[in-house]
Protein chains: 2
Amino acid sequence: MHPCDACKVRAIAACGPLSADERKRLTAIMKTVTFAPHRLIFMETAPAASLYNVTDGVVKIYKMMPDGRRQVTGFLFPGDFLGLIQNDSYAYSAEAVTETRLCQFPRVRLEMLLRELPKLEQRLLGMASHELAAAQDQMVLLGRKSARERVASFLLMLAKATERQGPQADLIAVPMTRSDIADYLGLTMETVSRSLTQLSSENLIRLLNEKHVHLIDRAGLHRISVGL
Amino acid sequence: MHPCDACKVRAIAACGPLSADERKRLTAIMKTVTFAPHRLIFMETAPAASLYNVTDGVVKIYKMMPDGRRQVTGFLFPGDFLGLIQNDSYAYSAEAVTETRLCQFPRVRLEMLLRELPKLEQRLLGMASHELAAAQDQMVLLGRKSARERVASFLLMLAKATERQGPQADLIAVPMTRSDIADYLGLTMETVSRSLTQLSSENLIRLLNEKHVHLIDRAGLHRISVGL
DNA sequence: CGGTCCTTTGACACAGGTCAAGTAATGTGG
DNA sequence: CCACATTACTTGACCTGTGTCAAAGGACCG
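Residues numbered from 1 in each chain as written. Chains lettered and ligands numbered in written order. Predicted model: local features only at pLDDT ≥ 70, side-chain atom pairs only at ≥ 80, totals over all residues. Heavy atoms only, no water.

Caption draft 1: Highlighting the interface of chain A and chain B. On the side of chain B, 43 residues touch chain A, which itself brings 43 residues to the contact. Roughly 4000 Å² of surface becomes buried between chain A and chain B when both sides are summed, with 64% attributable to carbon and sulfur atoms. Linking chain A to chain B there are 6 salt bridges. Where aspartate 137 of chain B meets lysine 63 of chain A, a salt bridge forms, and the shortest distance between an N and an O atom there is 3.1 Å. Where chain A packs against chain B, one counts 16 residue pairs in polar contact (both at pLDDT 80 or more). (Contact = heavy atoms within 4.5 Å. Buried area = accessible area lost by both parts, 1.4 Å probe. Salt bridge = Lys/Arg side-chain N within 4 Å of Asp/Glu carboxyl O. Polar contact = N/O pair within 3.5 Å; in protein donor to acceptor, adjacent residues only side chain to side chain.)

Pasting the structure below:
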């Protein structure tokens, strides 16, 4: 088995249940690419040539304001798609957080295929709806939650993403920097750090090291995250 | 022509270019409903029976936190669809801002129809992508913009929505309350009011009355909205 | 072992929130 | 059509959570 084959299989799996023929045709148009940490995958406003599926690693997507203010609009984990476009250009930039492996679908070929495989189109619509719902939750977070509530929400989001891959685990990896987290939560690095220390001193979490957190009291974190 | 027919035609138009047969089949499953200002259209977590298209008026969609904090995630204008679901329940509440007319598509019947009309599914996917891009812009606003920048962005958004219906107009109607605007921008009513007064005193806008604003310097508003 | 980068912590500042009063618009019943 | 109540908006004074700036650990790396 060619080393790429395993990730192609995973990318196909992310597309939902498909027939053997559909799988074969999708496999035919896709390619595997890898990115080292901090490598740019594509940039906002660049012509959108491909859609990607994350097969390994973590990706962050973000938008920038002209003066350099940054908003991370999402972290993507294995199984997630990226490459949302707006008039033929990418709507955001994407950067590898960890060593990352992606499956690349050339846009024009994929669109041709979609015309013939309505099932796949349905699946994409389902995923878009799901992302839209997640985007609304993020708006609540950014518009109405306190720093503490945001950080608690973030940790639970990370835990859920981790558990989508493996079994339930209270020890979670935090591969992104404090700055990335801050730009995701609409805070500063310093406030993220202070909130983590605070949650730690309240025994809701334990900071094992900068990149690993032990969730001690999930119910408590959840209560905080929804504002109770 | 039955009074409802005009709005049905408009709702169909919002679905994009369709064949006569497709239009006929869509028309067959839809119904027209109207709501007075401040009437609830549907509530978050209620079983999602229908998808709606706004044909007249303005609708706001919002999510609430258990303690009553509210985030308005969008204002919808004629042509917009609402009824995003998450496991068979609505993902947000929807309320009429002005006297509103909606076209209602029963979800099960619509989904059956979608199976047969892939063109319509494509169109829905296109709209979902567009909304997703808008959601990301809103995240930048909520996470990174100052009060002044948020209010300027809001006014330009309203102007664009107004012009989607009629011709370019510097005099725009603001049908929603200051509280609604605040909950949309992640601010308080007071801060929205102060920011409007400030923009007014800088001669970027003129406040004709509480519900009408004259945009005097659009280029200036745009500069402020993107942070330059 | 020294340099770089990331994170934490502290002291202080300020944008925007809170609370309260006043004013304008809107509606209602006489 | 006018008192009056109600609701929405504006403005002011003050407060607080988070940002800013600065310094001091820690971790990693050649």
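Read on for the rest.
Caption draft 2: Structural context of the protein's contact with DNA strand C. Taken together, 16 residues sit near DNA strand C, with Arg178, Ser193 and Thr197 of chain A together with Thr191 and Arg194 of chain B positioned nearest. At the protein interface, 64% of the atoms of DNA strand C within 4 Å belong to sugar or phosphate. One of the backbone nitrogen or oxygen atoms of alanine 147 of chain B is found 2.9 Å away from a phosphate oxygen of DNA strand C. Glutamate 190 of chain B is positioned such that a nitrogen or oxygen atom in its side chain is 3.3 Å from a base nitrogen of DNA strand C. Elements with a minimum of two residues in the surface near DNA strand C: α7 (189-201) of chain A together with α7 (189-201) of chain B. Here the element with the most residues in the surface near DNA strand C is α7 of chain A; it accounts for 4 residues. Here the residues of the surface near DNA strand C sort into 2 nonpolar, 7 polar and 7 charged. (Near = heavy atom within 4 Å. Helix = DSSP H or I, 4+ residues; strand = E, 2+ residues; numbered from the N terminus. Nonpolar A, V, L, I, M, F, W, Y, C, P; charged D, E, K, R; others polar.)

Caption draft 3: How the structure looks around the nonpolar core. Phe154, Leu155 and Met176 of chain A together with Phe154, Leu155 and Met176 of chain B are the most contacted members of the largest nonpolar core, which has 70 residues in total. Apart from residues lying up to four places away in sequence, methionine 176 of chain B is in contact with Val58, Phe75, Val97, Phe154, Leu158, Ile181 and Lys211 of chain B. With 42 residues, the next largest nonpolar core counts Ala11, Cys103 and Leu110 of chain A together with Leu18 of chain B among its residues. (Core = buried A, V, L, I, M, F, W, Y, C linked by side-chain atoms within 4.5 Å. Buried < 20%, exposed > 50% of the residue type's maximum accessible area, 1.4 Å probe, protein only.)

Caption draft 4: Fine view of the environment of serine 179 of chain A. On the secondary structure map, serine 179 of chain A appears in helix α6 (residues 178-185). When sequence neighbours within four positions are dropped, the list of residues in contact with serine 179 of chain A reads Arg70 and Met189 of chain A.

Caption draft 5: Examining the protein's contact with DNA strand D more closely. Looking at DNA strand D, there are 16 residues lining it, with Thr191 and Arg194 of chain A together with Arg178, Ser193 and Thr197 of chain B nearest. Within 4 Å of the protein, the contacting atoms of DNA strand D are drawn from sugar and phosphate to the extent of 64%. Arginine 194 of chain B is positioned such that a nitrogen or oxygen atom in its side chain is 3.0 Å from a base nitrogen of DNA strand D. Those elements that place two or more of their residues in the surface near DNA strand D are α7 of chain A together with α7 of chain B. The element that contributes the greatest number of residues to the surface near DNA strand D is α7 of chain B, accounting for 4 residues. When its residues are assigned to classes, the surface near DNA strand D shows 2 nonpolar, 7 polar and 7 charged.

Caption draft 6: How the structure looks around the packing of aromatic side chains. Residue and element names in this part refer to chain A. Tallied over the entire structure, the rule returns 12 aromatic pairs over all chains. Here the aromatic cluster, defined as three or more aromatic residues joined through ring pairs, consists of Phe42, Tyr52, Tyr90 and Tyr92. A cation sits over an aromatic face here: arginine 70 above tyrosine 62, 5.5 Å from the ring centre. (Phe/Tyr/Trp six-rings, centres within 6.5 Å; stacked < 30°, edge-to-face > 60°. Lys NZ or Arg CZ within 6 Å of the ring centre and 35° of its normal.)

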